[in-house]
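Listed here are the chains, written in short residue letters.
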Amino acid sequence: MEAENTQAMKFSEAGELSAEILKAVEKMGFTEMTPVQMKTLPLMMEGRDIIAIAPTGTGKTCAFGIPMLEYVNLNDKRIQELVLAPTRELSLQITDELRQLSRFIPGVRIACLYGGQPIARQISQLRQNPQIVVATPGRLLDHLNRGNLRLDAIHTMVLDEADEMLNMGFVKDVTKIIESTPSDRELVLFSATTNQDVMTIAWKYLQDPVEVSIPATKENRPQITQYVIETEREKKYDHLLYLLDSDEYQRVMVFVNTKDMTQRLCKRLQNAGYPCECLHGDMRQSARNQVMQGYRKGKFQILLATDVAARGIDVDDVEAVINYDLPNENEYYLHRIGRTGRAKRHGVAFTLLTYTESVRFDTILKYIMAQPVPLKFDDMGVLVNENGDPFFEDM
């Protein structure tokens, strides 16, 4: 297990990186490698199979993207590098970062394939003979079955967020895709956690793999202060408004368990004059993209989302997360609060907890091994801490 602490290293000190990559990395504002980049990048350059367990938000795309771009043969019109991601949003984000990394390498072509986009548009991308493909498993398999692409020249295959992808039921799809690639290709798994499906894929398909573990540290652990607010079901909406009216947070994500409730709560907030939009699983991809683009550009401050719709969302400057509903799965709680506190910023997460949810919340707390700071509303309707002092000074 590769996990020892290593002194920070600059990209320029790596030795084997091309001038084009170093120029792109500098343009992106990166100088020093993150721990996951320091560990996995040299191993990938050696062609080793890897299983890397690392927290989200630690620079994984550069860790696998740089070696891919260094190996790619620009004179070969076949697909040589493949990245599988669990969601459309993550696929688009990876593609965008790979394009930034390759901006000084003329002739690199990258295709992004995902469900919800017209397949004809993606066939047009494939006709441009991309060397690199980023895709969700279902849509890639669809193209494979239609004969729109071949994977027999794959040099490197990366499964990003492998735990999330396999948890979503893509085990058979992923297996079939791996078996469509050459047996001597390099296979790299990035995962935030290990589960039985991840280990099964690793045991079956990785050859003499190196196992890399990047524990959460002060440097890469999100800085998130968690709060829990005791409330009653009929007061939950008013207490949500209280948090939004604090004017402390300019970019907020509110998590709700169902798409119907997400839509209803969003409409209610919009009617009350709050700048918000929502994401849920029934939305068309074009509408989802429009919402996310508006949120990133600051056209509205509040994004409401279900857990499924929020998968793969990566926005660096979310200041606060509010759990309007308690999630149904322990992992979802971590995924939710992990939307804030990114890029070395401090974030806060509030959970509006009703009495009937308290037992469920105890289970989540055991899972995350943390104890949120308790808050409550006093008789005057002011949010206070355990000492009775107001939480928001100016309200």
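Counting of residues starts from 1 at the beginning of each chain's written sequence and follows it residue by residue. Under the rules for a predicted model, residues below a pLDDT of 70 receive no local features and side-chain atom pairs below 80 are neither given nor counted, while totals for whole chains, interfaces and linings still include all residues. Excluding hydrogens and water, the side-chain figures rest on all heavy atoms present in the structure.

S.K.: Looking at this model, I keep getting lost on the pattern of salt bridges. Mind explaining?
M.R.: Pairs may arise between side chains of opposite charge once their charged atoms sit close together. Throughout this description, the term salt bridge denotes a Lys or Arg side-chain nitrogen within 4 Å of a carboxyl oxygen of Asp or Glu. Using the criterion set out here, one finds 10 salt bridges in the structure. Ionic pairing is found between D76 and R78, a salt bridge with its closest N-O pair at 3.1 Å. The partner of D142 in a salt bridge is R146, with the nearest N and O atoms 2.8 Å apart. Taken as a pair, D142 and R146 lie in helix α6 (residues 137-146) at a separation of four residues, close to a single helical turn. Residue burial is assigned from relative accessible area. The probe radius is 1.4 Å, only protein chains are included, and a residue is buried under 20% of its type maximum, exposed over 50%, and partly exposed in between. Note on D142: relative accessible area 25%, which makes it partly exposed. For R146, a relative accessible area of 51% translates into the label exposed. Counting from the N terminus, the helices are DSSP H or I runs at least four residues long and the strands are E runs at least two residues long.

S.K.: Just to check I follow, could you spell out the pairing of strand β3 (residues 110-113) for this structure?
M.R.: It is a general feature of regular strands that their side chains alternate between the two faces of the sheet. A two-sided burial pattern is seen for β3, the buried positions comprising I110 and C112 on one face and A111 and L113 on the other. Any two strands with at least two DSSP-identified bridges between them are counted as paired. Where β3 and strand β4 (residues 132-135) come together, four bridges link them in parallel fashion. Across the sheet, the residue bridging to A111 is V133, located in β4.

S.K.: Looking at this model, I keep getting lost on the sheet that holds strand β6 (residues 186-191). Mind explaining?
M.R.: Strand pairing in a sheet takes place through backbone hydrogen bonds and is either antiparallel or parallel in direction. Strand order in the open sheet formed by seven strands is β3-β4-β2-β5-β6-β1-β7, and the pairing between neighbours is parallel. Each end of this open sheet is capped by a strand with a single partner; those strands are β3 and β7 (210-213). Within the sheet, the average angular offset between the axes of one strand and its neighbour, ignoring direction, is 15°. Direction of pairing for strand β2 (residues 81-84) relative to β4: parallel, over a ladder of four bridges. The residue bridging E81 from the neighbouring strand is I132, located in β4. Lines fitted to C-alpha atoms define the axes here, with helix axes fitted over just the stretch in contact, and angles between the N-to-C directions of these axes take values from 0 to 180 degrees.

S.K.: Honestly, α6 in this entry has me stumped. Any pointers?
M.R.: Helical geometry note: an α-helix holds 3.6 residues per turn, so side chains three or four residues apart project in the same direction. Residues of α6 that are buried include every one of P137, R139, L140, L141, H143 and L144, and no others. Those residues of α6 that are buried lie in contact with β2, β3, α5 (119-126), β4, α7 (162-167) and α8 (171-179). Phi turns positive, to about 80°, at G147, one or two residues after α6. What makes two residues a contact is simply this: any of their non-hydrogen atoms within 4.5 Å.

S.K.: What is the right way to read the nonpolar core from this model?
M.R.: When a protein is soluble and globular, its nonpolar side chains tend to lie buried together. We call a set of buried Ala, Val, Leu, Ile, Met, Phe, Trp, Tyr and Cys residues a nonpolar core when their side-chain atoms join them within 4.5 Å. Judged by nonpolar contacts, the single largest core of 40 residues is most densely connected at F64, I66, I94, L101, V158 and F190. When contributions to this core are tallied by element, the ones reaching two or more residues are α1 (19-27), α2 (35-45), β1 (50-53), α3 (60-71), α4 (88-101), β4, β6 and β7. The biggest single contributor to this core is α3, with seven residues. Beyond its immediate sequence surroundings of up to four residues, I66 is in contact with F11, L17, I21, V25, L41, T61 and L101.

S.K.: What's the story with the pairing of strand β13 (residues 346-353) in this structure? I'm lost.
M.R.: Buried residues dominate β13, accounting for seven of its eight residues. Sheet topology note: the strand β12 (residues 320-323)/β13 ladder contains four bridges and is parallel. Of the residues in β13, the one forming a bridge with N323 is T351.

S.K.: Which parts of the structure should I look at to understand the side chain of Q131?
M.R.: With respect to the helices and strands, the residue Q131 is situated in the loop between α5 and β4. Not counting chain neighbours up to four residues away, the residues in contact with Q131 comprise V72, N73, L74, D76, R78, I79, Q80, E81, G107, V108 and R109.

S.K.: Even after reading the chapter, I still don't get the environment of E161, so can you show me in this structure?
M.R.: In this fold, E161 is placed in the loop between β5 (156-159) and α7. The buried category is assigned to E161, whose relative accessible area is 18%. Distance from E161 to V256, taken between C-alpha atoms, is 23 Å for residues 95 residues apart in sequence.

S.K.: Mind showing me how you'd approach the packing of aromatic side chains here?
M.R.: Both the distance between ring centres and the angle between the ring planes are used here to describe each pair of aromatic rings. Two aromatic rings, drawn from Phe, Tyr or Trp (for Trp, its six-membered ring), form a pair once their centres lie within 6.5 Å of each other, and the interplanar angle then sorts them: stacked below 30 degrees, edge-to-face above 60, tilted otherwise. Applying the stated criterion across every chain yields a total of 11 aromatic pairs. On the basis of an interplanar angle of 70° and a centroid distance of 6.3 Å, the ring pair of Y249 and F392 is categorised as edge-to-face. Here Y249 is found in the loop between α10 (236-244) and β9 (252-255), whereas its partner F392 is found in the segment after β15 (383-384), with 143 residues between them in sequence. Across this residue pair, the class does not change: Y249 and F392 are buried. Between Y333 and F361, the aromatic rings sit 6.1 Å apart at their centres with planes inclined by 70°, giving edge-to-face as the arrangement. Residue Y333 is located in helix α14 (residues 330-337), and its partner F361 is located in helix α15 (residues 358-368); the two are separated by 28 residues in the primary sequence. Connected via pairs of aromatic rings, a cluster forms that spans Y227, Y242, Y249, F350, F377, F391 and F392. R268 extends its terminal NZ or CZ atom over the ring of Y237, reaching a point 3.6 Å from the ring centre. For a Lys NZ or an Arg CZ to count as sitting over a ring, it must be within 6 Å of the ring centre and within 35 degrees of the ring normal.

S.K.: Where do I start with the state of the cysteines in this structure?
M.R.: Covalent bonding between the sulfur atoms of two cysteines defines a disulfide. Two cysteine sulfurs form a disulfide in these notes if their separation is within 2.5 Å. On inspection of all chains with the given rule, the structure shows zero disulfides. Here C266 stays free of any disulfide, with the sulfur of C276 as its closest cysteine sulfur at 3.9 Å. Here C276 falls in the buried class, since its relative accessible area comes to 4%.

S.K.: Would you mind showing me how to read α5 here?
M.R.: Taken together, the buried positions of α5 are occupied by Q122, I123 and L126. The buried residues of α5 occupy an angular sector of 105° when the element is viewed end-on, so they sit on one face. Exposed positions of α5 whose direction lies more than 90 degrees from the buried face are A120 and R121. Packed against the buried residues of α5 are β3 and α6. By arc we mean the arc of the directions from the helix axis to the C-beta atoms, nothing more.

S.K.: Hey, could you run me through the confidence of the model for the chain in this one?
M.R.: Interpretation of this model should avoid reading the predicted coordinates in detail wherever pLDDT is low. The pLDDT value tells you how sure the predictor is about a given residue, anywhere from 0 up to 100. Here the chain averages 88 in pLDDT, while 92% of its residues score no lower than 70. Counting interchain partners and residues more than four positions distant, the pLDDT-below-50 stretch residues 1-6 has 13 contacts.

S.K.: Help me out: how do you make sense of the sheet that holds β15 in this one?
M.R.: Here we have eight strands laid out as an open sheet, ordered β10-β11-β9-β12-β13-β8-β14-β15, and mixed in their pairing. In this open sheet, the two strands that pair with only one neighbour each are β10 (276-279) and β15. With respect to the sheet, α14 is in contact with β8 (223-230), β9, β12 and β13, its orientation differing from that of β12 by roughly 150°.

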